[in-house]
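Descriptive analysis of the structure
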Amino acid sequence: MAINKIQFQEGYSLFELFKDYGTDEQCRQALFKWKFPDGFVCPECGSKTYCTLKNRNLYQCNHCHHQTSATCGTIFDSTKLPLNKWFMAIHLITQMKTAISALELRRQIKVSYKTAWKMKQKIMQVMKERVDSKPLSGIIQLDDVYWGGEHRGGSRGRGSENKKPFLAAVSTNEEGHPIAMNFNVVEGFRSEQIEQWATKHLKPGSIVYSDGLNCFPAVKNAGCKHIRYVTGGGPKSVDKVEFIWVNTMIGNIKNAMRGSYHSINSRHLPRYLAEFCYRFNRRFDLRQMMPRFMYIAVRTPPMTGKLLKMAELYG
Ligand SMILES: [Zn+2]
């Protein structure tokens, strides 16, 4: 799709959101359909007949009497919020071109700040798992970046405490148009970390362009072809065609994060990076954002407070 067609495509409006998912009941029915696309199947015994315990939003298997709900075992598990607040939050986070902070989310859907923050983290975790489940392929532009420090800062390779190293990768087609991207926090820029990252996030056979940093040839250990592109001693030329997209995306994401978020705890940086990658990778079809997100969300296990606080989500 041409760039202007992506930008001017018809999105999914707030009017449609209210019409389709305005009430808790509409949302519950929609979740049921995404969870059981071929009709109810008892998670315990596989039986397909059930009855609905309406006042408790539960479905009971006619065979073994196991009770389940549209939300149990999903990221919405044991939520006390009306589901239409979740749908609205997901709409705002996936559909808007700019990122929405927990503070803004709190105002838009009328919940406490703590609730908005947790919802946002859970929604971003779904995005992260989805982005990470699809390795990049084709021609890859790869670069090393620090969050919290300047890109290409003086202390590269010896990141100070508050600088978080991450890898930025953008896949392009043969015409040089960007297709998808993934930005992943790594422990550092050493060969074994690059190999580990490439094994997880790149398809074997991909062609990887990078600068001359010593660690990057390690992508070959993951079955990729490596092309080292030396830009000379000074600051990297951002207009080099081999790097133009990865440089553009790094700039866009850094600006957007600085513009949308007052501060980001670096422990949660992997999720914030994934949020941008998820939206970018799905920019071709905004109308499918909600169903595609929900299909994954009802298959993503609930997240405990422990996971939300987890120090790192490397890779
Ligand atoms: Zn059963």
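The structure this text deals with has already been given above.
In short, a report on the structure.

1. Regarding the coordination of the zinc ion
- Around the zinc ion, the protein contributes the donor atoms Cys-42 (SG), Cys-45 (SG), Cys-61 (SG) and Cys-64 (SG), at 2.3 Å from the metal centre.
- The site at the zinc ion holds 4 donor atoms, and with the angles between them running 103 to 113 degrees, its shape is tetrahedral.
- Along the chain, the residues donating to the zinc ion fall in the pattern C-x2-C-x15-C-x2-C. Taken together, the residues Cys-45 in the loop between α3 (24-35) and β1 (50-53) and Cys-61 in strand β2 (residues 58-61) connect sequence positions 16 residues apart.
- Here Cys-61 falls in the buried class, since its relative accessible area comes to 0%.

2. Here's the deal with the environment of Ile-100
- Inspection of the secondary structure puts Ile-100 in the loop between α4 (83-95) and α5 (102-109).
- Judged by relative accessible area, Ile-100 falls into the buried class, the value being 3%.
- Between the C-alpha atoms of Ile-100 and Ala-89, which are 11 residues apart in sequence, the distance is 9.4 Å.
- Look past the residues within four positions of Ile-100 in its chain and what remains in contact with it is Leu-92, Ile-93, Leu-105, Gln-108, Lys-120, Tyr-261 and Glu-275.

3. What about the sheet that holds strand β3 (residues 67-68)?
- Strand order in the open sheet formed by 3 strands is β1-β2-β3, with antiparallel pairing between adjacent strands. Of all strands in the sheet, those with a lone pairing partner are β1 and β3, marking the two edges.
- Relative to β3, β2 is paired through 2 bridges, and the arrangement is antiparallel. Across the sheet, residue Tyr-59 finds its bridge partner in β3, namely Thr-68.

4. Focus: the environment of His-65
- Counting through the fold element by element, His-65 comes out in the loop between β2 and β3.
- Along the sequence, His-65 and Cys-42 sit 23 residues apart, while their C-alpha atoms lie 9.3 Å from each other.

5. A word on the nonpolar core
- In this structure, Phe-183, Met-257 and Met-294 are the most contacted members of the largest nonpolar core, which totals 68 residues.
- Counting residues per element, this core draws most heavily on α4, at 8 residues.
- If we ignore the near neighbours within four places in the chain, the residues touching Met-257 are Trp-147, Ile-264, Leu-269, Tyr-272, Leu-273 and Phe-276.
- Ile-140, Ala-180, Cys-215 and Val-219 belong to the second largest nonpolar core, which has 21 residues in total.

6. Quick word on helix α8 (residues 244-260)
- For α8, which comprises 17 residues, the first-to-last C-alpha distance of 24 Å matches the rise-based estimate of 24 Å (1.5 Å per residue) to within 8%.
- Listed in full, the buried residues belonging to α8 are Val-246, Asn-247, Met-249, Ile-250, Ile-253, Lys-254 and Met-257. Down the axis of α8, the buried set is contained in an arc of 165 degrees. They therefore lie on one face. Exposed and facing more than 90 degrees away from the buried side of α8 are Asn-255 and Gly-259.
- Where α8 is buried, its residues meet β4 (139-147), β5 (164-172), β6 (178-185) and α9 (269-281).

Cut-offs applied
Residues numbered from 1 in each chain as written. Predicted model: local features only at pLDDT ≥ 70, side-chain atom pairs only at ≥ 80, totals over all residues. Heavy atoms only, no water. Donors = N, O, S within 2.8 Å, 3.2 Å for Na, K, Ca; no water. Tetrahedral: all angles 85-135°; square planar, octahedral: opposite > 155°, others 65-115°. Helix = DSSP H or I, 4+ residues; strand = E, 2+ residues; numbered from the N terminus. Buried < 20%, exposed > 50% of the residue type's maximum accessible area, 1.4 Å probe, protein only. Contact = heavy atoms within 4.5 Å. Pairing = 2+ DSSP bridges. Core = buried A, V, L, I, M, F, W, Y, C linked by side-chain atoms within 4.5 Å. Expected span 1.5 Å × (residues − 1). Arc of directions from axis to C-beta.

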